[in-house]
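The lines below spell out each chain.
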Amino acid sequence: MAKVLPACLLLALLLLPPALLAPQERGLIFNLDTGELCLQSAQCKSGCCHRTDGLSLARCAPKAAETQECSPKSLYGVYYKCPCESGLTCETDRTIVGSITNTDFGICMDPHESRRR
């Protein structure tokens, strides 16, 4: 019995490092794909944990593209409208009530084009 335990331990030590170093395409808690259930935007590859209404389950969704509805980045981590893709800004009328109730939606705009107008 004493010889079996060290052999199992040796086998585990040989197999564990390669398993730990293998790249993780998708995780159970982080690095979630579009459509997977989430609790916070930090869990999603896209950076947006989206729900359609207050009673729905939140799922990872792509960020809003130019001219799509958006929410400004929030502390809550769950959005009714996803924040804008990188390089775009969410043009919205920010109010304290909208910030608290998470209803201050806007439109994603290219900041360089809005200066030209």
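Before reading further, recall that the structure is shown in the block above.
Description of the structure in this document. Because the structure is a prediction, the values reported are computed rather than measured.

When helices and strands are tallied, the protein chain shows 3 helices and 5 strands. In the protein chain, the succession of α and β elements from N to C terminus is α-β-β-β-β-α-β-α. Burial status across the protein chain gives 28% buried among its 117 residues. When contacts within the protein chain are restricted to residue pairs at least 6 apart in sequence, those whose partners lie at least 24 apart make up 35%. Element-wise, carbon and sulfur atoms account for 64% of the exposed surface of the protein chain, whose accessible area totals about 8400 Å².

Across all of its chains, the model carries 0 aromatic pairs by this definition. Looking at K81, its charged tip hangs above the ring of F105, at a distance of 5.7 Å from the centre.

Next up on the list: the state of the cysteines. Linking two cysteines covalently through their sulfur atoms gives a disulfide. All told, the structure shown has 5 disulfides when counted by the stated rule. Across the disulfide from C70 sits C90; the S-S distance is 2.0 Å. Taking the torsion about the S-S bond as the criterion, the C70 to C90 disulfide, at about 100 degrees, is right-handed. Here C70 is found in strand β3 (residues 69-70), whereas its partner C90 is found in strand β4 (residues 89-91), with 20 residues between them in sequence. Across this residue pair, the class does not change: C70 and C90 are buried. The disulfide that involves C84 links it to C108, with 2.1 Å between the sulfurs. Residues C84 and C108 are joined by a disulfide whose S-S torsion is about -105 degrees; by sign, that bridge is left-handed.

It is worth spelling out the pattern of salt bridges at this point. Inspection of every chain in the model, using the stated rule, returns 2 salt bridges. Among the salt bridges present, the one from K45 reaches D33, with a minimum N-O distance of 2.8 Å. Of this pair, K45 sits in the loop between α1 (4-21) and β1 (49-50) while D33 sits in the loop between α1 and β1, and the two are 12 residues apart along the sequence. Overall, the relative accessible area of 46% leaves K45 in the partly exposed class. The residue K81 makes a salt bridge to E69 at a minimum N-O spacing of 3.0 Å. Of the two residues, K81 is situated in the loop between β3 and β4 and E69 in strand β3; the sequence distance between them amounts to 12 residues.

The next point concerns a nonpolar patch on the surface. A surface patch of nonpolar side chains, about 440 Å² in accessible area, is lined by Y76, I96, V97 and I100. Take Y76: it is sitting in the loop between β3 and β4. Owing to a relative accessible area of 42%, Y76 belongs among the partly exposed residues under this scheme.

Counting residues in each nonpolar core, the largest one holds 7 residues, listed as L32, C38, C44, C49, A58, C60 and V78. Setting aside residues no more than four positions away along its own chain, A58 makes contact with E36, L37, C38, C49, H50, R51 and V78. Counting 6 residues, the second-largest nonpolar core is a separate cluster that includes A64, C70, C84 and C90.

About the cut-offs
Residues numbered from 1 in each chain as written. Predicted model: local features only at pLDDT ≥ 70, side-chain atom pairs only at ≥ 80, totals over all residues. Heavy atoms only, no water. Helix = DSSP H or I, 4+ residues; strand = E, 2+ residues; numbered from the N terminus. Buried < 20%, exposed > 50% of the residue type's maximum accessible area, 1.4 Å probe, protein only. Contact = heavy atoms within 4.5 Å. Areas by Shrake-Rupley, 256 points an atom, 1.4 Å probe, with all protein chains shown as cover. Phe/Tyr/Trp six-rings, centres within 6.5 Å; stacked < 30°, edge-to-face > 60°. Lys NZ or Arg CZ within 6 Å of the ring centre and 35° of its normal. Disulfide = S-S within 2.5 Å. Salt bridge = Lys/Arg side-chain N within 4 Å of Asp/Glu carboxyl O. Patch = residues over 30% accessible without salt bridge, like charges linked within 9 Å, V, L, I, M, F, W, Y side chains within 5 Å. Core = buried A, V, L, I, M, F, W, Y, C linked by side-chain atoms within 4.5 Å.

Honestly, that's just the spatial picture; any functional story needs more than this.
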